[in-house]
Amino acid sequence: AMAAESGQGISERRLPPRSPSGLAVQTVEMHTGGEPLRIVPRLEAAEAAVAAGQLSLLSLRREMAATWDHVRRALMHEPRGHAGMYGAVVVRGEAAAEGAHLAALFLHGAGYSTMCGHAVLALGRFALDYGLVAAPSCPETAVRLRCPCGPITAFVPWDGHRSGNPVRFHSVPAFAAATDLAIDVPGHGKVVVDIGYGGTFYAFLSAEQLGLNVCSSKTRDLVNAASAVTEAVKKQFKLHHPESKDLAFLYGTILTDGKDAFSEEPTTNICVFADEQVDRSPTGSGVTARIALQYHKGLIQLNQTRTFRSSTAGSLFTGKAVQ
């Protein structure tokens, strides 16, 4: 994750003249493995809503979709955003964070996610570089984040002056929701998918089942096929989450190279989520869910580190099951 600018003076910088009724939103631009993160360091309306109503982050997610969705659209869509834009609203204050250093809502082109691993990695560095952690420790600082799916802890290198890489995080409990599930996909016939949860739900299958190669097929063909799988799974399988019905939705489909058994070599995947949006990183929540599935199937053991490659940007994440 790379910060595009220094945090000094961000609150004092003069803004150009604008309509008194117009909303001015300052952002910090970061990316993780090529996947963008447009951070809103503060949205006072969201913090006020939490403080007034003691809203959970899942409730705040619904409130923002109903009341402030114009903010998401302005930041994610053209002309300020683009088809691959991703964002996070930092929500501060004790009522919002409940003992964490910060809380976050995740934004994308079609709505609001409940978890985002690439965003957590970037937000860990943001929290240190922008002074949200009172006393960072060397050589690594634990940054506690509250996400709609639950509490996450990021571990961020700190040299006494600024954050560094590599960042890692402990996710919420992940699990296999279904394995070897037969789904009829229009235009492709019967395929077999696994469904895993890593803060949000994904369907997983090898691109080969769809007559494609995750490494060499055209991205448009992969996107079309993955989107068809997502829609078919939504119609043919009912998801359940043990903690909240707000978490029980299919976020997208991840096509893989089929190399699920443990290997020292990277395994490649592409994540297509929301409204045909492509993750340029290997997908943090997707990697988490995929590890849960591999562990459930006995293909990896505890503390075996696997490497996951993005088929679009070539960037790498590592991950392992720890408990």
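Here the structure is a predicted model, which means the values were calculated and not measured. (Residues numbered from 1 in each chain as written. Predicted model: local features only at pLDDT ≥ 70, side-chain atom pairs only at ≥ 80, totals over all residues. Heavy atoms only, no water.)

(A) The pairing of strand 6 (residues 140–147), seen in detail. Looking at chain direction, strand 4 (residues 102–108) and strand 6 are connected through two bridges and run parallel. Paired with A103 across the two strands is R146, which belongs to strand 6. Both strand 6 and strand 7 (residues 150–157) contribute to a ladder of eight bridges, which runs antiparallel. Pairing of L145 across the sheet is with I152, part of strand 7. Between strand 6 and strand 7, which pair antiparallel and follow one another directly, the connecting turn spans two residues. (Pairing = 2+ DSSP bridges. Helix = DSSP H or I, 4+ residues; strand = E, 2+ residues; numbered from the N terminus.)

(B) Fine view of the domain arrangement of the protein chain. Partitioning the protein chain into domains gives domain 1 (28–170) and domain 2 (175–319). Using C-alpha coordinates to define each centre, domain 1 is positioned 24 Å away from domain 2. Taken residue by residue, the interface counts 25 residues in domain 1 and 24 residues in domain 2. Between domain 1 and domain 2 lies a buried interface of about 1600 Å² when both sides are counted; carbon and sulfur atoms form 55% of it. On the surface where domain 1 and domain 2 come into contact, there are one salt bridge. Among the salt bridges present, the one from R62 reaches D246, with a minimum N-O distance of 2.1 Å. Where domain 1 touches domain 2, the interface holds seven residue pairs in polar contact (both at pLDDT 80 or more). (Domains from an automatic or database assignment. Contact = heavy atoms within 4.5 Å. Buried area = accessible area lost by both parts, 1.4 Å probe. Salt bridge = Lys/Arg side-chain N within 4 Å of Asp/Glu carboxyl O. Polar contact = N/O pair within 3.5 Å; in protein donor to acceptor, adjacent residues only side chain to side chain.)

(C) Looking closely at the pattern of salt bridges. The final tally for this structure, using the stated rule, is 11 salt bridges. A salt bridge links R72 to D69; the shortest N-O distance between them is 2.7 Å. Of this pair, R72 and D69 both sit in helix 3 (residues 69–76), separated by three residues, roughly a single helical turn. One salt bridge in this structure joins D260 and R290, with 3.0 Å as the shortest N-O distance. Here R290 lies in helix 7 (residues 284–296) and D260 lies in the loop between strand 12 (250–256) and strand 13 (267–273), a separation of 30 residues in the sequence. Classification of D260 as partly exposed rests on a relative accessible area of 23%. Judged by relative accessible area, R290 falls into the buried class, the value being 2%. When salt bridges that share partners are traced, they join D69, R72 and R73 into one network. (Buried < 20%, exposed > 50% of the residue type's maximum accessible area, 1.4 Å probe, protein only.)

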